[in-house]
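Here is how the chains run, residue by residue.
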Amino acid sequence: MHPLATRKILTLLAVLLTAVCHGAPDQGFDAVDGPNVRVMRHEDGARTLFTRTPDNRTLTKKKFSANGRLIMLTIYRMDANGNPIGCKIFDGNKDLLFKVSYGYRKSDGQLVEERMFDARVTRKDPDTGKEMPVQRIIYVYDAKGNRSAPIVYNLLPGKTFEQVFGTKSSALETNPFRDGASGGTTNPNARPVGR
């Protein structure tokens, strides 16, 4: 076969394959299945696709608009218990926006703090020279181990986290891969304070 003809056939196949892969936005969501994939459908038509690695150490959250356009990508790194220890938040163009670290109490494993750092501009504390978070979220617990509403310290002027991201925190409200993910304790080792 002539090299030019071969190149034309390969180009045509590549175009067809791309068209099939980027077909109707809904195709991919209805086709996902398996132990490492979950889809959340939102009232406004948007969808969130959760995928995890087989070892449960990485959880990827992709939020799509109602028309199938990627809006936000968040990649969580998890500990052995499936709790996030850090995440990176990207915009719809996959540009890194924020890095987040999560802090847990040693005594009972409860989430007590999130620290969000701007990945585009490093902000340093003038006194210590250490990188400063742009936002801190603190959680307190009552005697029964129930978590409070988040206490948010936004260290930047302008819009609030909720105004920008449409949610009160970057933490996973529930792990979509846990049985009974609609509620309950996030950490299997967590126990009420005082026991």
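Residues numbered from 1 in each chain as written. Predicted model: local features only at pLDDT ≥ 70, side-chain atom pairs only at ≥ 80, totals over all residues. Heavy atoms only, no water.

1. Describing the overall build of the chain
Part 1 of the reasoning: Regarding its fold elements, the chain presents three helices and nine strands.
Part 2 of the reasoning: The N-to-C order of helical and strand elements in the chain reads α-α-β-β-β-β-β-β-β-β-β-α.
Part 3 of the reasoning: Scored against the burial criterion, the 195 residues of the chain give a buried share of 29%.
Part 4 of the reasoning: Nonlocal contacts in the chain, meaning residues at least 24 apart in sequence, comprise 26% of its contacts between residues at least 6 apart.
Part 5 of the reasoning: For the chain, the exposed surface amounts to about 12,700 Å²; the carbon and sulfur share of it is 55%. (Helix = DSSP H or I, 4+ residues; strand = E, 2+ residues; numbered from the N terminus. Buried < 20%, exposed > 50% of the residue type's maximum accessible area, 1.4 Å probe, protein only. Contact = heavy atoms within 4.5 Å. Areas by Shrake-Rupley, 256 points an atom, 1.4 Å probe, with all protein chains shown as cover.)

2. Some points on the environment of threonine 160
Part 1 of the reasoning: Summarising the element assignment, threonine 160 is placed in the loop between strand E9 (151-154) and helix H3 (161-165).
Part 2 of the reasoning: A relative accessible area of 38% places threonine 160 in the partly exposed class.
Part 3 of the reasoning: Distance in space between the C-alpha atoms of threonine 160 and glutamine 135 is 9.6 Å, their sequence separation being 25 residues.

3. Re the packing of aromatic side chains
Part 1 of the reasoning: By the definition in use, this model includes zero aromatic pairs.
Part 2 of the reasoning: The positively charged end of arginine 147 is found above the aromatic ring belonging to tyrosine 139, 4.4 Å away from the centroid. (Phe/Tyr/Trp six-rings, centres within 6.5 Å; stacked < 30°, edge-to-face > 60°. Lys NZ or Arg CZ within 6 Å of the ring centre and 35° of its normal.)

4. Notes on the pairing of strand E8 (residues 135-138)
Part 1 of the reasoning: Two strands pair when backbone bridges link them, and strand E7 (residues 111-118) and E8 are joined in this way by four bridges, in the antiparallel orientation. Across the sheet, arginine 115 pairs through a bridge with arginine 136, a residue of E8.
Part 2 of the reasoning: Bridge analysis of E8 against E9 gives four bridges, and the strand direction is antiparallel. If you follow arginine 136 over to E9, its bridge partner there is tyrosine 153. (Pairing = 2+ DSSP bridges.)

5. A look at the sheet that holds strand E3 (residues 58-64)
Part 1 of the reasoning: As summarised here, the arrangement of the nine strands in space is E1-E2-E3-E4-E5-E6-E7-E8-E9, forming an open sheet in which the pairing is antiparallel. At either end of the open sheet lies a strand with only one pairing partner, and these are strand E1 (37-41) and E9. Adjacent strand axes in the sheet meet at a mean angle of 15° when their direction is disregarded. (Axes fitted to C-alpha atoms, helices over the stretch in contact; angles between N-to-C directions.)

6. Here we look at unusual backbone geometry
Part 1 of the reasoning: A positive phi angle, near 65°, is found at asparagine 56, a position not held by glycine.
Part 2 of the reasoning: Inspection of the secondary structure assignment puts asparagine 56 in the loop between strand E2 (47-52) and E3.
Part 3 of the reasoning: With a phi angle near 65°, lysine 94 is a residue other than glycine that sits in the positive phi range.
Part 4 of the reasoning: Mapping lysine 94 onto the fold places it in the loop between strand E5 (84-91) and strand E6 (96-104).

7. What to know about the pairing of E3
Part 1 of the reasoning: Examined bridge by bridge, E2 and E3 share six bridges and lie antiparallel to one another. Looking across to E3, one finds that phenylalanine 50 is bridged to lysine 61.
Part 2 of the reasoning: Here E2 folds back onto E3, and the loop between the two strands holds five residues, one of which, asparagine 56, carries a positive phi near 65°.
Part 3 of the reasoning: Here E3 runs beside strand E4 (residues 70-78); their pairing, made up of seven bridges, is antiparallel. Directly across from leucine 59, in E4, lies its bridge partner tyrosine 76.
Part 4 of the reasoning: The hairpin formed by E3 and E4 contains five residues between the paired strands, and glycine 68 there has a positive phi angle of roughly 90°.

8. Structural notes on the side chain of serine 65
Part 1 of the reasoning: One can find serine 65 in the loop between E3 and E4.
Part 2 of the reasoning: Polar contacts involving the side chain of serine 65 include one to the side chain of asparagine 67, which spans 2.3 Å.
Part 3 of the reasoning: Once residues lying within four places of it in the same chain are set aside, the contact partners of serine 65 are Gly45, Ala46 and Ile71. (Polar contact = N/O pair within 3.5 Å; in protein donor to acceptor, adjacent residues only side chain to side chain.)

9. A short note on the pattern of salt bridges
Part 1 of the reasoning: In total, this model carries five salt bridges according to the counting rule given.
Part 2 of the reasoning: Salt-bridge contacts for arginine 115 lead to glutamate 113; the nearest nitrogen and oxygen are separated by 2.9 Å.
Part 3 of the reasoning: The partly exposed category is assigned to arginine 115, whose relative accessible area is 35%.
Part 4 of the reasoning: By relative accessible area, which is 15% here, glutamate 113 ends up buried. (Salt bridge = Lys/Arg side-chain N within 4 Å of Asp/Glu carboxyl O.)

Keep in mind that these numbers describe shape and distance, not what the molecule does.
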